[in-house]
Protein chains: 2
Amino acid sequence: MARILLLGAGRSASSLIQYLLRYAPVENWQLTVGDVNPAHLAPVLAAHSEFARAVPFSIEEEDRLEELVAAADVVISMLPALLHLTVAHACLRHRRHLATASYVSDDIRALGPEAEAAGITLLMECGLDPGLDHMSAMAVLRHIRARGGQLTSFKSYCGGLMAPDSEGNNPWRYKFTWNPRNVVLAGQGTAKYLEHGHPRYIPYQQLFRRTELLDVPGFGQFEGYANRDSLSYRAPYGLDAIPTILRGTLRRPGYCAAWAALVHLGLTDDSGRLGNPATMTWAELLESYLPVLRPGLQLPLSTRLAQYLNLAPESEEISRLQWLGLWSDEVVGLADATPAQLLERLLTRKWQLQEGDHDMIVMQHLFEFELNGKTHRSTSSLVVLGDDATHTAMAKTVGLPLGMAVRRLLRGELTQRGVVIPTSPDLYEPILAELRADYGIDFVEQETTR
Amino acid sequence: MARILLLGAGRSASSLIQYLLRYAPVENWQLTVGDVNPAHLAPVLAAHSEFARAVPFSIEEEDRLEELVAAADVVISMLPALLHLTVAHACLRHRRHLATASYVSDDIRALGPEAEAAGITLLMECGLDPGLDHMSAMAVLRHIRARGGQLTSFKSYCGGLMAPDSEGNNPWRYKFTWNPRNVVLAGQGTAKYLEHGHPRYIPYQQLFRRTELLDVPGFGQFEGYANRDSLSYRAPYGLDAIPTILRGTLRRPGYCAAWAALVHLGLTDDSGRLGNPATMTWAELLESYLPVLRPGLQLPLSTRLAQYLNLAPESEEISRLQWLGLWSDEVVGLADATPAQLLERLLTRKWQLQEGDHDMIVMQHLFEFELNGKTHRSTSSLVVLGDDATHTAMAKTVGLPLGMAVRRLLRGELTQRGVVIPTSPDLYEPILAELRADYGIDFVEQETTR
């Protein structure tokens, strides 16, 4: 018997829990789910009480954490990423494995040697992004290398979007399926990547203006903007000498140009509060950002905004901003807030998921390689649609790879100890095969030669 | 006898020390100067050994701090602003007064009631900016109120610049006389002020494009950009209902437009490292920021930069950037640095004070008020030139008001306890009079009516 402790059972854990319940009787697992609100799990676990239970848990209760970790063989943390370190320390004290869907932080990386000495695995980056991105990219890279190809370019994009049937009349073709605050603050800083052997830097103000258009078979066009740090992917992928590498985020075409206007206006700044009253309207807020009109001149706010942004008043960007209500009489609703907090509040209303909406995960890798004197281009594309409001595409693509990785770990099929990410074929090949066979989560590959 | 402890005797403390030495025999003071490098004070203090001594001091030595504070009646902290809190706590423990030239931080403000109960004064904001700005503005405001004027607009600018004889052929007409890092990062976030009763917000990318031109009698034109928070000045100045209030920073004309180009390029970003080698040249760094040229096209970097920035290649902005060496073959010299760190390193070479250079402090307040049905505009302007490399304008204007405030405190002329800033006439009037009479530091006032 193996004992699994899952900490944190928020929305994105639904498909993971379903997966663990599916295999618990087969693999002889006992599952304990610790959550601040265990009552909401009762309906899910009710039919499985012989091998699953929910218990109250909050990260502040140190003794409780010790007790739960001590009573498990492997701990899966779906808590916010910042809390993984606390859990990892408890795992080290009790010599328990840990698995998460989050990036290896510097703090976690530093625990590697200690974990290795203790004979435990800190299995990180096993969700979607990071996770499935590593697995699928490494599978193609391995295939290219096996054919003798010399990789010259690797670009990889991922986005959490809306299924086509759920975009409605929203001109952004976007709703929040993930932490709104992270979406509002996305990209701040300087993006760095490599192109033809040269470093490339994009400052935040330019980031959403320098996008790339991508075609995803069956789902049309998307635009991608560069993530903050593409360079750190070289080492784990074994691509230290690659001339071109870029990681990016996908949106539907037009989103980025309109978002660039919000950035230019200053509405994504989160570094200081405005001292505004909560009763200020959006029209008043926008007015406060625009240059003052010459006395006597009267122009509608939308015209002044268009002039200020160097856009045509009837442009798509302006119509997207209008759809948000950027010059409406709606009140901003938060006193003394940062611009980013006000924008997040507005967007949370406008980009709210509706009953019956389905989300969509899109991932595309783009490879270029030299083989037998020819340049080959190949793409590997994935689209996953949400089943419903519980088993969203996000929950499936984050939770299933993580559950599958834990299953391999408990079956003794993963023998690496210390900090591990899913970049070796003995881990990713069976997971990709299981995703394909049992869940229809499958990458479409295309290749052209010239 | 009164015992004064001065902590921190860096460059900007020279005029303060001179002032304290001048009054020590007259006022019967014993002065102890604590500094990490007390040896450099030997020549200054040598002739005054009967009432002044230098001792080694570093903020890490807690016992030393306790011992020195216990043996003083008033402590003057010229340490970096972040360290004042530690000193203030020691002052509270030993019931000693504290004086600084720094802003009241939230932490210091919170100590107010405790300080009041202990009967000690935490005398803050007694340097130049903050300090002399408060004193001089309050003096004019008091005069306007006494005449029955109704203030409608208050703007106040200050800048640390170069004396006209020391600008040389530097087209920026600027050199570092203050913390270079603060100059590079100045203005990040959103500037907020009030204009005709409406809040006005300027995001960082626009800050250096929305400047105001000012005339300073005898010294020509300056341009001012808004400081981050002008609103917080309303309460201490008693201007809670004023329709227009703005605080800003002065530069010579042209500086801001060229600086805006550096901001637009992304070279002031300090939020992440670039992963660059130290041997990268400035031309290579600039190339990494510019959009990629179409294959086959060959254009000089300066032309591409001008196109990218929407500037004429022969514009003043481009020539200022060229003078900095922005596309030179000079190496950036720092590996894996933030853009702001690289820019600071470049500027520190280019904007270095030369032997014999004199600095200059410029301050101008602009008032508008209604009196007897007429609109009055008045300005109060100050220009202070540095005497030499030791007694710079910066050292004089920071140190002399602070020394004078401490003198009043020790003479018993300042009876307020708790956190105090120099906005009451019993403190600022004698200080302004002493600055005028003994140091020629005098504001020029002009008024027009229409």
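For the structure itself, look to the data block above.
Nothing here was measured: the structure is a model prediction, and the numbers come from that model.

Scoring rules and cut-offs
Residues numbered from 1 in each chain as written. Chains lettered and ligands numbered in written order. Predicted model: local features only at pLDDT ≥ 70, side-chain atom pairs only at ≥ 80, totals over all residues. Heavy atoms only, no water. Salt bridge = Lys/Arg side-chain N within 4 Å of Asp/Glu carboxyl O. Helix = DSSP H or I, 4+ residues; strand = E, 2+ residues; numbered from the N terminus. Buried < 20%, exposed > 50% of the residue type's maximum accessible area, 1.4 Å probe, protein only. Core = buried A, V, L, I, M, F, W, Y, C linked by side-chain atoms within 4.5 Å. Domains from an automatic or database assignment. Contact = heavy atoms within 4.5 Å. Buried area = accessible area lost by both parts, 1.4 Å probe. Polar contact = N/O pair within 3.5 Å; in protein donor to acceptor, adjacent residues only side chain to side chain. Nonpolar A, V, L, I, M, F, W, Y, C, P; charged D, E, K, R; others polar. Least-squares fit on C-alpha atoms with pLDDT ≥ 70 in both. Pairing = 2+ DSSP bridges. Axes fitted to C-alpha atoms, helices over the stretch in contact; angles between N-to-C directions. Parallel < 35°, antiparallel > 145°, perpendicular 65-115°, else oblique. Left-handed = near helix turned anticlockwise from the far one by under 90°.

Trainee: Looking at this structure, how should I read the pattern of salt bridges?
Mentor: Two side chains carrying opposite charge are able to pair once their charged atoms lie near each other. All names here are of chain A. Summed over the entire model, instances satisfying the criterion amount to 56 salt bridges over all chains. Asp129 serves as the salt-bridge partner of Arg247, at 2.8 Å between the closest nitrogen and oxygen. Of this pair, Arg247 sits in strand β12 (residues 244-251) while Asp129 sits in the loop between β6 (121-123) and α7 (132-147); the two residues are 118 residues apart in sequence, bridging distant segments of the chain. Overall, Arg247 belongs to the buried group, its relative accessible area being 1%. Take Asp129: its relative accessible area is 29%, and that puts it in the partly exposed class.

Trainee: Just checking my understanding: could you explain the nonpolar core for this structure?
Mentor: Inside soluble globular proteins, nonpolar side chains tend to come together where they are buried. Within the largest apolar cluster, 70 residues are counted, with the highest numbers of intra-cluster contacts made by A:Leu123, A:Leu151 and A:Phe154. Residue contributions to this core peak at nine residues, all from helix α16 (residues 393-410) of chain A. Both domain 1 (2-129 + 394-442) and domain 2 (132-259 + 354-391) of chain A contribute no fewer than three residues apiece to this core. Excluding its chain neighbours within four sequence positions, the residues that come into contact with A:Leu123 are A:Leu98, A:Ala99, A:Thr100, A:Ala405, A:Leu409, A:Leu414, A:Val420 and A:Leu427. Membership of the second largest hydrophobic core comes to 69 residues, among which are B:Ala99, B:Ile245, B:Leu382 and B:Ala405.

Trainee: Just checking my understanding: could you explain unusual backbone geometry for this structure?
Mentor: As a rule of thumb, non-glycine residues mostly have phi less than zero, and peptide bonds are mostly trans rather than cis. Residue A:Pro130 is bonded to the preceding A:Asp129 through a cis peptide linkage, with omega at 20 degrees. Note on placement: A:Pro130 falls in the loop between β6 and α7. For B:His196, which is not glycine, the phi dihedral falls at a positive 50 degrees.

Trainee: Sorry if this is basic, but what is going on with the interface of chain B and chain A here?
Mentor: The figure often quoted for interface size is the accessible area lost as the parts come together. Taken together, the contact between chain B and chain A spans 35 residues of the former and 34 residues of the latter. Interface area, chain B with chain A, both sides summed: about 2,600 Å², of which 46% is carbon and sulfur. Linking chain B with chain A are zero salt bridges. Viewed at the interface, chain A and chain B are joined by 25 residue pairs in polar contact (both at pLDDT 80 or more). Put simply, the parts of the chain that give the side of chain B that touches chain A at least two residues each are β8 (190-195), β9 (198-203), α9 (204-207), α11 (255-265) and α12 (282-289) of chain B. Its residues assigned to classes, the side of chain B that touches chain A comprises 15 nonpolar, 12 polar and eight charged.

Trainee: Which parts of the structure should I look at to understand the relation of the copies chain B and chain A?
Mentor: Copy one and copy two of the chain differ by a rotation about a common axis and a shift along it. Taken as rigid bodies, chain B and chain A are interconverted by a rotation of 180 degrees and an axial shift of 0.1 Å, the fit giving an RMSD of 0.1 Å. Both copies are brought into coincidence by an operation consistent with a two-fold rotation axis. Distance from the rotation axis, computed per C-alpha, reaches its smallest value in chain B at B:Gln205: 4.0 Å.

Trainee: What is the right way to read α12(B) from this model?
Mentor: Here α12(B) lies mainly inside the structure; six of its eight residues are buried. Residues of α12(B) that are buried make contact with β8 (190-195) and β9 (198-203) of chain A together with α11, α13 (301-309) and α15 (339-350) of chain B.

Trainee: Help me out: how do you make sense of the sheet that holds strand β1 (residues 2-7) of chain B in this one?
Mentor: Strand pairing in a sheet relies on backbone hydrogen bonds. The paired strands run either parallel or antiparallel. Residues and elements named next belong to chain B. Strands sit in the order β3-β2-β1-β4-β5-β6-β15 across an open sheet of seven strands; the sheet is parallel. On the outer flanks of this sheet lie β3 (52-56) and β15 (418-420), each paired with one strand and no other. Each neighbouring strand pair of the sheet contributes to a mean axis angle of 20 degrees, computed without reference to strand direction. As defined by bridge partners, strand β2 (residues 29-35) adjoins β3 across five bridges and the pair is classed as parallel. By the bridge assignment for β3, Thr32 is matched with Arg53. With respect to the sheet, helix α3 (residues 62-70) is in contact with β1, β2, β3 and β4 (74-77), its orientation differing from that of β1 by roughly 150 degrees.

Trainee: It is not clear to me how the packing of α11(B) against helix α14 (residues 316-324) of chain B should be interpreted in this structure. Could you clarify?
Mentor: Relative placement of two packed helices is described by the angle separating their axes and the distance separating the axes. Residues and elements named next belong to chain B. At their nearest, the axes of α11 and α14 sit 9 Å apart, and the two run at 70 degrees to each other. It follows from the interaxial angle that α11 and α14 lie roughly perpendicular. The two elements α11 and α14 cross, and the hand of that crossing is right-handed. Of α14, the residues touching α11 (which contributes Tyr255, Ala257, Ala258, Ala261 and Leu262) are Glu317, Arg320, Leu321 and Leu324. Within the contact of α11 with α14, the residues separate by chemical class into seven nonpolar, no polar and two charged.

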